[in-house]
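Notes for the structure review
Listed below are the residues making up each chain.
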Amino acid sequence: MDRNATQYLIVGGSAAGMAAAHTIRSHDPMAPVTVLTDETDKPYFRPMIPFVVSGKKKSQDMAMEGCGPYVGKDIFVKTDSRVVSVDTDSHRVFLENNQVFNYGKILFATGSRPFIPPDIKGTESNGVFALRTLAHARKMNARAAQTQHAVLLGGGLLNLKAAFALLERGIKVTLVVYSPQVLSQLMDAEDAVLIRNALDDAGLEIRTGTAAVEIESDNSGVRGIVLDDHTKISCQMVCIGKGVRPNVEFLENSKIKLEKGIVADIHTACSQSDTFAAGDVAVTHDPVSGKPVMTALWTNAVEMGRCAGLNMAGLPTAYAGTFGILNATQIANMPFVSMGLVHTKDLDCEIFRSGGQGSFRKMVFSSDGRHLIGMVLIGDISNAGLYRHVIQGKKLVEKFKHHIIGHNLHWGHFIK
Amino acid sequence: MPQPKEIFVKTDRCVGCMSCMLACAVEHSQSKTLFGAIAEARAPKSRLYVEWAAPDRKIPLVCRQCEDAPCMHACISGAITRNEDNIVVTNADKCIGCWTCVMVCPYGVIGRNMDTGKAYRCDRCPDREIPACVSACPTGALIYETVPEYSKSIRKQASQEFARAEGE
Ligand SMILES: Cc1cc2nc3c(=O)[nH]c(=O)nc-3n(C[C@H](O)[C@H](O)[C@H](O)COP(=O)(O)OP(=O)(O)OC[C@H]3O[C@@H](n4cnc5c(N)ncnc54)[C@H](O)[C@@H]3O)c2cc1C
Ligand code: SF4
Ligand code: SF4
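Definitions and cut-offs
The written sequence of each chain sets the order in which its residues are numbered from 1. For this description, chains carry letters from A and ligands carry numbers from 1, given in the order in which they are written. Per-residue local features of the predicted model are confined to residues with pLDDT of at least 70, and side-chain atom pairs are confined, for both listing and counting, to 80 or more; whole-chain, interface and lining totals are unaffected and use all residues. Neither water nor hydrogens contribute to the side-chain values; these are computed over all heavy atoms in the structure. In this description a helix means any DSSP run of H or I spanning at least four residues, a strand means any run of E spanning at least two, and both kinds are numbered starting from the N terminus. A 1.4 Å probe rolled over the protein chains alone gives each residue an accessible area, and that area as a share of the maximum for its type sets the label: buried under 20%, exposed over 50%, partly exposed in between. A pair of strands is considered paired only if DSSP assigns at least 2 bridges between the two. Note on geometry: axes are C-alpha line fits, over the in-contact stretch for helices, and angles between N-to-C directions span 0 to 180 degrees. Here, proximity means that at least one heavy atom of the residue falls within 4 Å of the molecule or strand. The term polar contact refers here to a pair of N or O atoms within 3.5 Å; inside protein, the definition further demands a hydrogen-donor-capable atom paired with an acceptor-capable atom, and it admits residues adjacent in sequence only when both atoms are side-chain atoms. The domain limits used here are those given by an automatic or database domain assignment. Two residues qualify as a contact provided that any one of their heavy atoms is within 4.5 Å of a heavy atom in the partner residue. Stacked, edge-to-face and tilted are the three classes for Phe, Tyr and Trp ring pairs, Trp counted by its six-membered ring, which pair at centre distances within 6.5 Å; planes under 30 degrees apart are stacked, over 60 edge-to-face, the rest tilted. We count a charge as sitting over a ring when the NZ of a lysine or the CZ of an arginine lies within 6 Å of the ring centre and within 35 degrees of the ring normal. Residues qualify for a patch when their relative accessible area is over 30% and they have no salt bridge, like charges being joined within 9 Å and the nonpolar side chains of Val, Leu, Ile, Met, Phe, Trp and Tyr within 5 Å. All accessible areas in this document rest on Shrake-Rupley with a 1.4 Å probe, and a residue is counted as covered only by the protein chains that are shown. Each reported salt bridge corresponds to a side-chain nitrogen of Lys or Arg within 4 Å of a carboxyl oxygen of Asp or Glu. Among buried residues, those of type Ala, Val, Leu, Ile, Met, Phe, Trp, Tyr and Cys that are joined through side-chain atoms within 4.5 Å constitute a nonpolar core. Take the accessible area each of two parts loses on contact, using a 1.4 Å probe, and add the two losses: that sum is the buried area. When residues are grouped by polarity, Ala, Val, Leu, Ile, Met, Phe, Trp, Tyr, Cys and Pro land in nonpolar, Asp, Glu, Lys and Arg in charged, and all others, Gly among them, in polar.

Some words on unusual backbone geometry
Residue and element names in this part refer to chain B. The linkage connecting Ala 54 with the following residue, Pro 55, adopts the cis geometry, with an omega of 0°. Inspection of the secondary structure puts Pro 55 in the loop between strand E2 (49-53) and strand E3 (57-61). One non-glycine residue with positive phi stands out, namely Met 18, at about 70°. Relative to the helices and strands, Met 18 is located in the loop between strand E1 (5-9) and helix H1 (19-27). A residue is classified by how much of its surface remains accessible, and Met 18, at 40% relative accessible area, is partly exposed. The phi angle at Lys 32 is positive, at roughly 60°, despite the residue not being glycine. Inspection of the secondary structure puts Lys 32 in the loop between H1 and helix H2 (34-39). According to the relative accessible area criterion, Lys 32 is partly exposed, its value standing at 37%.

What follows is the structure, given as structure tokens:
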């Protein structure tokens, strides 16, 4: 058994873990910082992996080291190092490869993995993917070479990105969505019309209100898929994008408090001393609704990781929390932003919708109309960051509400 | 780290002539001349914005070089870094046009180039001693100087500006 010791140990080398490592390094220039990851790749920008599927970029183009804020020195990253259990009393972790690490402080930043619905038969077949890692992306890229038709299950952002990566390779893509509309996590169906039209125009085939029952395969891998309305689609690839689940199994026999994810307090600390959690795996709170929330967002993982890094380095820092929804992207040449409370069907709130040629916006205010609580912008997303500031800071909007509704608020309104 | 110089805005001096925006667009064009810039297929874009606020105030807005640079930490591709002069810059080669930086910059000073699918922002004119906008301003509303405490107070300043607007 190999024994190792490190002042700071970080489990998981992605957004949250690496943001924490670099933050620790910038406040504690000498102490050993060790990052363990079970992946074979060194840390990389996970949201970039669809470019490996499309073939537009290579794995090395998305490496994290030395890019953006990730420029700290002497951070020791061990790949192929899977943690299987943790003993918080003796401050030790145990790896699958039989190594043992002693730590001073530990951060759990193990993120999440795709949820594979157990009721779909045949999900282990060759050619079935749930895109999460660079390794998956490389395999998907290879499979794409022998794919004429791909069926994607789920209408979330991840599958839309995967869909465009495949479309770019000239592959026919069918999206099978159980909800009445795509992107149902990020906006109400009636607010997604513009994006839906753009997707249709881009040549994506979309079937809503239906689910997959079985994936059929032979020794060449996936051959087709059966839907719950008994239709069969022949295809050579299936991609599952049905949300994610936190990676917490390695803590199940530990004293760390779990509630689906790892429970983190306002200072990102877990239930045992010298333990911290950040990123997709952590349960935090939503500043708008005040409810516990687990996010699946790069931006939040970085923010929380940085906060955890400060706390671990001995600088007590409160984590401001985040909304579960905080997305910006461009799909089919259509930029959009969705943030805060955007599902308004059963919400007591004040809504202003407005649409024009190629753009749409929905501004959601609290029921008393005094706070902005959510927003969807499609097409013209300018000044989205200012609105985020207004939502997150719970600003009283009275004086500038008309500018929000008219979507012409700018920082100049606040300068005297 | 070298002490970064900042572009300060004296809003009471701005007359809204937009000379700064024009100079910025020209500086970031292929030809770097006014007539050349006008002729370019992809219209060059300014990286600062002169906004108007009632009753009749004009306010030039430009990247404030936030100390904690939310845009840099939010970027999902590592395209935003601090360069050797300690200036926050966007590397267009790395940018994938996801607009996450636009979603987090409170000052609204990151532009979207829809032709190239890349984000662009003030780069403090690396080829010039003094940024083009500052040189072009006829009224002295834009000032370029070193103020040690300035960047530190950015965050505070943001909330103060808001507090004034809310409590008015
Ligand atoms: C294709 C794609 C596109 C995306 N696009 C966006 C986007 O545009 N915007 C956005 O905000 N978010 C996006 N996301 C989501 C974003 O990538 C995640 O929210 C973010 O990566 C979470 O970071 P994390 O550090 O918490 O965890 P993860 O990135 O999940 O990293 C956790 C790491 O820990 C490792 N690990 C897990 N268990 C162990 C263990 N026991 N021992 C050792 N290592 C372990 C994992 O293998 C992994 O490497 C996207 C995700 C994907 C897959
Ligand atoms: S957040 Fe906006 S103002 Fe601040 S450094 Fe980034 S671009 Fe500049
Ligand atoms: S638009 Fe470009 S610079 Fe901005 S966050 Fe996305 S990749 Fe980074």
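Read on for the rest.
Here's the deal with the sheet that holds strand E12 (residues 212-218) of chain A
Residues and elements named next belong to chain A. In spatial order, the strands read E12-E13-E14; together these 3 strands make up an open sheet with antiparallel pairing. The strands lining the two open edges of the sheet, one partner per strand, are E12 and strand E14 (232-234). Averaged over all pairs of adjacent strands, the angle between strand axes in this sheet comes to 25°, irrespective of strand direction. Here strand E13 (residues 221-227) pairs with E14 via 3 bridges, running antiparallel. For Gly 224, the partnering residue across the bridge sits in E14 and is Ser 234.

Here we look at the sheet that holds strand E17 (residues 258-259) of chain A
Residues and elements named next belong to chain A. Sheet architecture is open: 4 strands sit in the order E17-E18-E20-E21, paired in mixed fashion. Of all strands in the sheet, those with a lone pairing partner are E17 and strand E21 (292-293), marking the two edges. Bridge count between strand E20 (residues 282-285) and E21: 2 bridges; the pairing is antiparallel. Residue Thr 284 lies in a different strand from E21, and its bridge partner there is Val 293.

A look at the site of ligand 1
Near ligand 1, the surroundings consist of 34 residues, among which Ser 14, Asp 38, Glu 39, Arg 46 and Arg 132 of chain A are the closest. Residues near ligand 1 are shared among chains A and B, making this a multi-chain site. Contacts to ligand 1 include Ala 16 of chain A, whose backbone N or O atom sits 2.9 Å from an oxygen atom. Between an oxygen atom of ligand 1 and a side-chain N or O atom of Glu 39 of chain A, the distance comes to 2.5 Å.

Description of the domain arrangement of chain B
We note that the domain assignment places domain 1 (5-63 + 122-166) and domain 2 (66-107) within chain B. Taking only C-alpha atoms into account, the centre of domain 1 of chain B sits 18 Å from that of domain 2 of chain B.

Some points on the side chain of Thr 210 of chain A
All names here are of chain A. With respect to the element layout, Thr 210 can be found in the loop between strand E11 (205-208) and E12. Look at Thr 210 and you get buried, because its relative accessible area is 5%. Every residue in contact with Thr 210, bar those within four places of it in the chain, is listed here: Val 176, Val 177, Tyr 178, Leu 227, Asp 228 and Asp 229.

A word on the packing of aromatic side chains
Applying the stated criterion across every chain, the model contains 7 aromatic pairs over all chains. Taking 5.8 Å as the distance between ring centres and 65° as the angle between the ring planes, the aromatic pair formed by Phe 108 of chain A and Phe 250 of chain A counts as edge-to-face. Taken as a pair, Phe 108 of chain A in strand E6 (residues 100-108) and Phe 250 of chain A in the loop between strand E16 (244-246) and E17 lie far apart in primary sequence, 142 residues in all. For Phe 250 of chain A, a relative accessible area of 11% translates into the label buried. Judged by centre distance (4.9 Å) and plane angle (85°), the rings of Phe 400 of chain A and Phe 414 of chain A are edge-to-face. Linking Phe 400 of chain A in the loop between helix H7 (384-392) and helix H8 (401-405) with Phe 414 of chain A in the segment after H8, this pair joins segments that are 14 residues apart in sequence. Among the aromatic residues, ring-to-ring pairing joins Phe 400, Trp 411 and Phe 414 of chain A together with Tyr 107 of chain B into one connected group. Positioned above the aromatic ring of Phe 51 of chain A is the side chain of Lys 57 of chain A, whose terminal nitrogen or guanidinium carbon lies 5.7 Å from the ring centre. Of note, Arg 245 of chain A hangs over the ring of Phe 115 of chain A, and the distance from its end group to the ring centre comes to 3.9 Å.

Overview of a nonpolar patch on the surface
Residue and element names in this part refer to chain B. On the surface, a cluster of nonpolar side chains totalling about 450 Å² of accessible area is made up of Leu 22, Leu 34, Phe 35 and Ile 38. Top element by residues in the nonpolar patch is H2. It accounts for 3 residues. Locating Leu 22 in the fold gives a position in helix H1. The partly exposed category is assigned to Leu 22, whose relative accessible area is 47%.

Digging into the environment of Ser 220 of chain A
Residues and elements named next belong to chain A. You can see Ser 220 is positioned in the loop between E12 and E13. On the basis of relative accessible area, Ser 220 is assigned to the partly exposed category, the value being 39%. Taking C-alpha positions, Ser 220 is 8.8 Å from Gln 236, a pair spaced 16 residues apart along the chain. Ignoring any residue separated from it by four or fewer positions in sequence, one finds Ser 220 in contact with Arg 143 and Gln 146. Looking at Ser 220, its side chain comes within polar contact range of the side chain of Asp 218, at 2.7 Å.

Focus on the nonpolar core
Counting residues in each nonpolar core, the largest one holds 100 residues, and the members touching the most others are Val 93, Phe 108 and Leu 166 of chain A. Leaving out residues up to four positions away in the same chain, Phe 108 of chain A has contacts with Val 11, Val 86, Phe 250, Leu 251, Ile 256, Ile 262, Cys 270, Thr 275, Phe 276, Ala 277, Ala 278 and Val 281 of chain A. The next biggest cluster of nonpolar side chains, apart from the first, holds 64 residues, and it includes Leu 386 of chain A together with Ile 7, Ala 79 and Cys 122 of chain B.

Details of the interface of chain A and chain B
Accessible area lost when the parts come together is the quantity often used to give the size of an interface. On the chain B side, the residues contacting the 45 residues of chain A number 41 residues. Between chain A and chain B, a total of about 3800 Å² is buried, with carbon and sulfur atoms accounting for 62% of that surface. Scanning the region where chain A abuts chain B turns up 1 salt bridge. Close ionic contact of Arg 112 of chain B with Asp 380 of chain A constitutes a salt bridge, the shortest N to O distance being 3.7 Å. Where chain A packs against chain B, one counts 7 residue pairs in polar contact (both at pLDDT 80 or more). For the side of chain A that touches chain B, the secondary structure elements donating two or more residues are helix H6 (298-312), strand E22 (326-331), strand E23 (334-340) and H7 of chain A. With 6 residues, the single largest contributor to the side of chain A that touches chain B is H7 of chain A. Its residues assigned to classes, the side of chain A that touches chain B comprises 23 nonpolar, 14 polar and 8 charged.

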